[in-house]
Amino acid sequence: MTQQSTSLLVGLLAGVSAAFLLVSAGSPSSLSFILFAAAALPVLIAGLGWSNLASIVAVLSAMAVIGIATTPQAALVSAVTTLAPAAWIAHLSNLARPAEEIGGPEGAVIWYPLPEIFVRIALCVCIGLIAVGVAMGYGTEFVGQLVEIFVATIQESNAAYSPSPEGIAEMKQFFLYALPAIQAAMWVTILLAGWYVASAIVRMSGRSKRPKDDIPSQLRMPRTSAIALAAGGAMSFVDGGIGLIGWTICGAFGAGFIIAGFAIAHHRTRGKPARGLLLWAAYLATIIFTVPLAFFLFLGLFDTARTLTATGPGPNSKP
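The name an unreviewed UniProt entry gives the protein chain is DUF2232 domain-containing protein, with Hoeflea alexandrii as the organism.

Quick look at the structure:
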């Protein structure tokens with residue numbers, strides 16, 4: 001088979017796999033979230049290990065299968081939030097240029113910086129969620145229906161639960177602005193985790209073009225991301241759609257800085273005798289109290305960089 005034929009076949013198989021994961025995630029079950037989070041993996045693997053053609057075919061075939069199995073609207077939402085960002089991230093990961101073009105050593109290769117990939121994950125999430133929110137008519141009425149369903153579900157299992165009208169109104173107001181931020185933060189984390197796992201799988205298969213990144217030392221948000229976070233924070237004080245967009249930006253880029261903060265913690269505790277205990281304590285405290293997230297957010301904010309990954313020439317490091 002030619003390389004193009006192989007890419008077409010791999011892309012088709014990856015697209016069908018991604019579509020089945022997304023369709024299966026639509027059925028209520030304890031595995032729904034895991035299936036939904038894993039849906040980007042086939043597209044990422046196709047793009048990282050084969051070619052852009054493979055990832056594009058994966059996106060298109062997945063949209064076709066989802067559109068047939070569910071609705072065209074569901075296919076479009078899946079493409080905007082999961083499939084297309086995965087293909088774009090895979091494309092960026094395989095970009096490289098000779099190091100001498102930017103004053104580096106002759107014969108070395110500079111790969112697309114990990115911080116730039118990271119910030120584009122946040123941008124893709126913002127664009128995707130804002131587009132879906134506009135298409136769905138996200139707003140007070142939409143969130144009101146969600147809260148009513150949420151309250152009714154709790155009352156089915158706990159008949160004594162009866163919140164006051166004021167309490168329900170406060171709940172609706174909270175969820176109106178919290179949902180965009182939480183969804184954006186979760187989706188940035190999911191896409192980054194998917195990229196990490198897919199990269200590891202492709203490296204193990206021997207098809208990886210990009211060398212392994214030292215994530216603890218390289219994963220930082222670019223300095224321009226702080227401007228985006230500040231802009232999102234300012235927009236969040238405005239009522240209406242602008243405020244919702246601001247909360248989405250805060251969620252996506254805030255999650256980016258928090259993850260960068262954890263990477264810094266991993267890097268700075270290297271070689272320390274109690275490194276494992278310190279990291280486990282940090283993660284456990286974050287899960288239980290969530291307050292430590294603010295510490296890692298500021299840690300990520302005060303340590304920004306644009307690290308370049310350079311490798312020597314070889315079969316696995318072609319520009």
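Draft legend 1. The arrangement of the UniProt feature "transmembrane region" (unreviewed entry) in the protein chain in detail. Under the UniProt annotation, "transmembrane region" (unreviewed entry) lies at residues 28-46, 53-70, 117-138, 174-198, 244-265 and 277-302. Each end of residues 53-70 is marked by a C-alpha atom, and these two atoms are 25 Å apart; helix forms 94% of the span and strand 0%. Along residues 117-138, the helical share is 91% and the strand share 0%, with 29 Å between the first and last C-alpha atoms.

Draft legend 2. The arrangement of helix α10 (residues 224-235) in detail. The end-to-end C-alpha distance of α10 is 17 Å, a good match for the 16 Å that 12 residues give at a rise of 1.5 Å each. Among all positions of α10, only S225, L229, G232 and G233 are buried. Buried positions in α10, seen along its axis, are confined to an arc of 100° and lie on one side of it. Seen from the open side of α10, the exposed residues pointing more than 90 degrees away from its buried face are T224 and I227. Structurally, α10 contributes buried residues whose contacts are with α6 (114-136), α11 (241-268) and α13 (292-301).

Draft legend 3. Just the pattern of salt bridges, in detail. One pass over the structure, following the stated rule, counts six salt bridges. The salt bridge involving D214 is made with R270; its shortest N-O contact spans 2.6 Å. Separated by 56 residues along the polypeptide, D214 in the loop between α8 (165-205) and α9 (215-218) and R270 in the loop between α11 and α12 (275-289) bring together distant segments of the chain. Judged by its relative accessible area of 28%, D214 is partly exposed. Given a relative accessible area of 38%, R270 falls into the partly exposed group.

Draft legend 4. View of unusual backbone geometry. Backbone geometry at T290 places phi at a positive 65°, although glycine is not the residue there. By the secondary structure assignment, T290 is in the loop between α12 and α13.

Draft legend 5. Focus on a nonpolar patch on the surface. There is a patch of nonpolar side chains on the surface, built from L31, F33, I34, I182 and M186 and spanning about 490 Å² of accessible area. Looking at the nonpolar patch, the elements that each hand over two or more residues are α2 (32-38) and α8. As for its placement among the helices and strands, I34 is situated in helix α2. In this structure I34 comes out as exposed when scored by relative accessible area, which is 53%.

Here is what the cut-offs are and how they apply
- Residues numbered from 1 in each chain as written.
- Predicted model: local features only at pLDDT ≥ 70, side-chain atom pairs only at ≥ 80, totals over all residues.
- Heavy atoms only, no water.
- UniProt positions renumbered as here; feature names shortened; annotations may be inferred.
- Helix = DSSP H or I, 4+ residues; strand = E, 2+ residues; numbered from the N terminus.
- Expected span 1.5 Å × (residues − 1).
- Buried < 20%, exposed > 50% of the residue type's maximum accessible area, 1.4 Å probe, protein only.
- Arc of directions from axis to C-beta.
- Contact = heavy atoms within 4.5 Å.
- Salt bridge = Lys/Arg side-chain N within 4 Å of Asp/Glu carboxyl O.
- Patch = residues over 30% accessible without salt bridge, like charges linked within 9 Å, V, L, I, M, F, W, Y side chains within 5 Å.
- Areas by Shrake-Rupley, 256 points an atom, 1.4 Å probe, with all protein chains shown as cover.

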